[in-house]
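# Coordinate analysis (summary)
Now for the letters of each chain:
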Amino acid sequence: MRHDFLDRYSRQDSPLHRVSAEAKLACAFGIVALTVAVPVTAVPYFAGLACALVAVTLVARIPFGYLGRRLLWMEPFVLGVGVLTLLQPEGWKVFLGIVVKSTLSLVTMVLLANTTPFAEILRVLRRVRVPGLLVTTLALMYRYLFVLVDEGERMHRARAARTFDQRRWHGWTTLATVVGQLFVRSTERAERIYAAMLARGWK
Amino acid sequence: MHIPDGFLDAKTAVASTALAAAGVGVALWQAKRILPARQVPLLGVTAAFVFAAQMLNFPIAAGTSGHLIGGVLAAVLVGPGAAVIVMTAVLVLQCFLFQDGGASALGANILNMALVSVVTGYAVYAATRRLAGGTRGVILGAAFAGWCSTVLAALCCAGELALSGRVAWRVVFPAMGGVHMLIGLGEGAITALVLIAVARARPELLDARTEMTRPGQALVLGLIAAVGLALFVSPFACGWPDGLEKIAGNLGFEHFAAEKPLVSAPMPEYGLPGLKGAWVTPLVGAVGTLTAFVLAWVLARTLTPKKES
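For chain B, the count of helices and strands is 12 helices and 2 strands. Relative to its 309 residues, chain B shows a buried fraction of 57%.

This is the structure in structure tokens:
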């Protein structure tokens, strides 16, 4: 897995990337909260926000193609739940409101993720007194996420290269073995990480 | 089951965030007191493991595939208290990096998938495991707990959506409940299979972790999960008065709900469309639970190694 496929553009340089992470985080959360709270009839607000988000994308030099792909990736989740609203009288109004609101919020969060490195977000979380254990867990998770996903994929590929059994149940049991083995390796890795952390003066 | 932005109204978002914060706070506070320092990296690495495990797709049928959610798996592997922290970390990272689950619905998602799923799943696991000893008990417990926790988390999610006035309960309940009764079967099976694999490689990993949660903490977490279910599911399922509306009114944060629900208040009418009567929901629930339990039992029987050591 490419290490930067989630927040590919978060480390480039632009006026927006130089803004402090605190401001961006507060801004993004404010926008999401406001977008969720305003009535669906506030069309000027939604139009204005859409224009503002386009401007931000331009300033931050994030390609529209990338933004579109991220949206395309996430939109099925929105539509999947949203479609339930269509099953009731006047449901299309609710549906439209939900899709507009969640799409705008989604774009906001994609822009946040791609203008702010995750380490910066963690720094802000620590600063606003999120308990240290949770921040440490998040930091370690972010650090080893890519390592473990790669390890899992490697084991999965090795398994696929060696077994030719097409029976579904057999596939499940072998894949579950891969997951189980991944956990065993993860705990062993955690022990090594702990030793390494101690060696570097962590307490 | 990740709720995106825009699906919850203010009162539901505030209430679920408060409950989630309370639950995660209890788990963190306890972990700080009793978690040995050498286990701290394990939390982060386990969170990364759950994330990695979610990316491996299990083929189902006709080209579709499903993946693990991991609440019960994490609860069994690191204990319920630590699992709450692990699943919270997974959800926070998914929200910030993947935009999977909305920022305003983060509290609700944590409540459903890190608290209700983990705590109820672990309770069912601990209770069921005793019915059959040894490895068979672990498989039976994990498979049944995987199903129960998935369905309960989905019901909590459905309750939040219905309470927000976006989707009527009689639409969202059969849809979410029904789909997740099927998804839960997969979740239960995968959880059990993974646990057997772990038991084969490092059997001591399965027993060592419960020390990381104290009974008192488990009780408090269970209470919070129960309050969540009572708040979001019971108003619809039992026809009790809408507790949250009342609390919202009393505390005066009703006016935050700027948007009037476009759909008239979700009707306390239960059951599948076309089927009338108050007995339908409990009946479907009972039959589903029984079926899941029998399937878990069959799974445990077929998968138990012939010679147990």
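On we go.
Further remarks concern the overall build of chain A. Counting its secondary structure elements, chain A contains 8 helices and 0 strands. With the C-alpha coordinates of chain A rotated into their principal frame, the extents come out at 55 × 50 × 30 Å. For chain A, contacts bridging at least 24 residues in sequence account for 77% of all contacts bridging at least 6.

Glancing now at the packing of helix α3 (residues 71-78) of chain B against helix α6 (residues 134-163) of chain B. Residues and elements named next belong to chain B. Two elements in contact, α3 and α6, have axes separated by 9 Å at closest approach and are oriented at 135°. Here α3 lies oblique to α6, going by the angle between them. Residues G71, V72 and V76 of α3 form the contact with α6, whose participating residues are A142, A145, G146 and S149. Along the lines of polarity and charge, the residues of the contact of α3 with α6 split into 4 nonpolar, 3 polar and no charged.

As for its placement among the helices and strands, F29 of chain A is situated in helix α2 (residues 21-37). Sequence separation between F29 of chain A and Y9 of chain A is 20 residues, and the spatial gap between their C-alpha atoms is 20 Å.

We now examine helix α4 (residues 64-82) of chain A. Its maximal kink placed at M74 of chain A, α4 of chain A deviates by approximately 35°, while the proline P76 of chain A follows within four residues. The set of residues buried in α4 of chain A consists of R70, M74, V78, V81 and G82 of chain A.

Moving on, we come to the domain arrangement of chain A. What the domain assignment lists for chain A is domain 1 (15-124) and domain 2 (131-199). Domain 1 of chain A and domain 2 of chain A are separated by 32 Å when their C-alpha centres are compared.

All names here are of chain A. Relative to the assigned elements, L34 resides in helix α2. Judged by the 14 C-beta atoms lying within 10 Å of it, L34 falls in the partly exposed class. Taking the C-alpha atoms as reference points, L34 and G48, 14 residues apart in sequence, are found 13 Å from one another.

To continue, consider the interface of chain A and chain B. Taken together, the contact pairs 68 residues of chain A with 58 residues of chain B. Going through the elements one at a time, α2, α4, α5 (91-115), α6 (118-127), α7 (132-162) and α8 (168-199) of chain A are the ones with two or more residues in the side of chain A that touches chain B. Tallying contributions element by element places α8 of chain A first for the side of chain A that touches chain B, with 21 residues. Of the residues that constitute the side of chain A that touches chain B, the class distribution is 47 nonpolar, 15 polar and 6 charged.

Moving on, we get to the confidence of the model for chain B. All names here are of chain B. For chain B, the average pLDDT comes to 79, and 78% of its residues sit at 70 or higher. Across residues 240-244 the pLDDT falls below 50, and counting only partners more than four positions away or on other chains, this stretch makes 10 contacts in the model. Scored below 50 in pLDDT, residues 252-276 makes 53 contacts in the model with residues more than four places away or belonging to other chains. Interface confidence for the predicted complex, expressed as ipTM, amounts to 0.91; the pTM equals 0.86.

Another aspect to go through is helix α4 (residues 80-98) of chain B. If you check α4 of chain B, its first and last C-alpha atoms are 25 Å apart, about what 19 residues at 1.5 Å a residue would give, namely 27 Å. Looking at the residues trailing α4 of chain B, positive phi occurs at Q99 of chain B, about 55°.

This brings us to unusual backbone geometry. If you check the backbone angles, R61 of chain A has positive phi at about 55° while not being a glycine. Inspection of the secondary structure puts R61 of chain A in the loop between α3 (43-59) and α4. What makes R61 of chain A partly exposed here is the crowd of 14 C-beta atoms within 10 Å. Even without being a glycine, Q99 of chain B presents a positive backbone phi close to 55°.

On to the nonpolar core. One recurring pattern in soluble globular proteins: nonpolar side chains tend to sit buried together. In this structure, V86, L115, A143 and V172 of chain B are the most contacted members of the largest nonpolar core, which totals 155 residues. A domain split of this core shows at least three residues from each of domain 1 (15-124) and domain 2 (131-199) of chain A. The residues contacting V172 of chain B, other than those within four sequence positions of it, are L84 of chain A together with A158, L161, A162 and V167 of chain B.

The next subject is the packing of helix α1 (residues 10-34) of chain B against α4 of chain B. All names here are of chain B. It is the contact of α1 with α4, at a shortest axis distance of 9 Å, that shows an interaxial angle of 120°. When the axis of α1 is compared with that of α4, the two are oblique. At the point where α1 passes α4, the crossing takes the left-handed sense. Note on element contacts: α4 touches α1 through G81, A82, V84, I85 and T88, opposite G23, V24, A27, L28, Q30 and A31. In terms of residue class, the contact of α1 with α4 is built from 7 nonpolar, 4 polar and no charged.

In this section: the environment of V179 of chain A. For V179 of chain A, the location among the structural elements is in helix α8. Judged by the 28 C-beta atoms lying within 10 Å of it, V179 of chain A is buried. On a C-alpha basis, the gap between V179 of chain A and A37 of chain A in space is 41 Å, while along the polypeptide they are 142 residues apart. Residues in contact with V179 of chain A, not counting those within four places in the same chain, are A53, L56, V194 and A197 of chain B.

Cut-offs used in this document
- Residues numbered from 1 in each chain as written.
- Chains lettered and ligands numbered in written order.
- Predicted model: local features only at pLDDT ≥ 70, side-chain atom pairs only at ≥ 80, totals over all residues.
- Helix = DSSP H or I, 4+ residues; strand = E, 2+ residues; numbered from the N terminus.
- Buried ≥ 20, exposed ≤ 12 C-beta atoms within 10 Å, placed from the backbone.
- Contact = placed C-beta atoms within 7 Å.
- Axes fitted to C-alpha atoms, helices over the stretch in contact; angles between N-to-C directions.
- Parallel < 35°, antiparallel > 145°, perpendicular 65-115°, else oblique.
- Nonpolar A, V, L, I, M, F, W, Y, C, P; charged D, E, K, R; others polar.
- Bend = angle between axes of the 7 residues up to and from the residue.
- Domains from an automatic or database assignment.
- pLDDT = per-residue confidence, 0-100.
- Expected span 1.5 Å × (residues − 1).
- Core = buried A, V, L, I, M, F, W, Y, C linked by C-beta atoms within 7 Å.
- Left-handed = near helix turned anticlockwise from the far one by under 90°.

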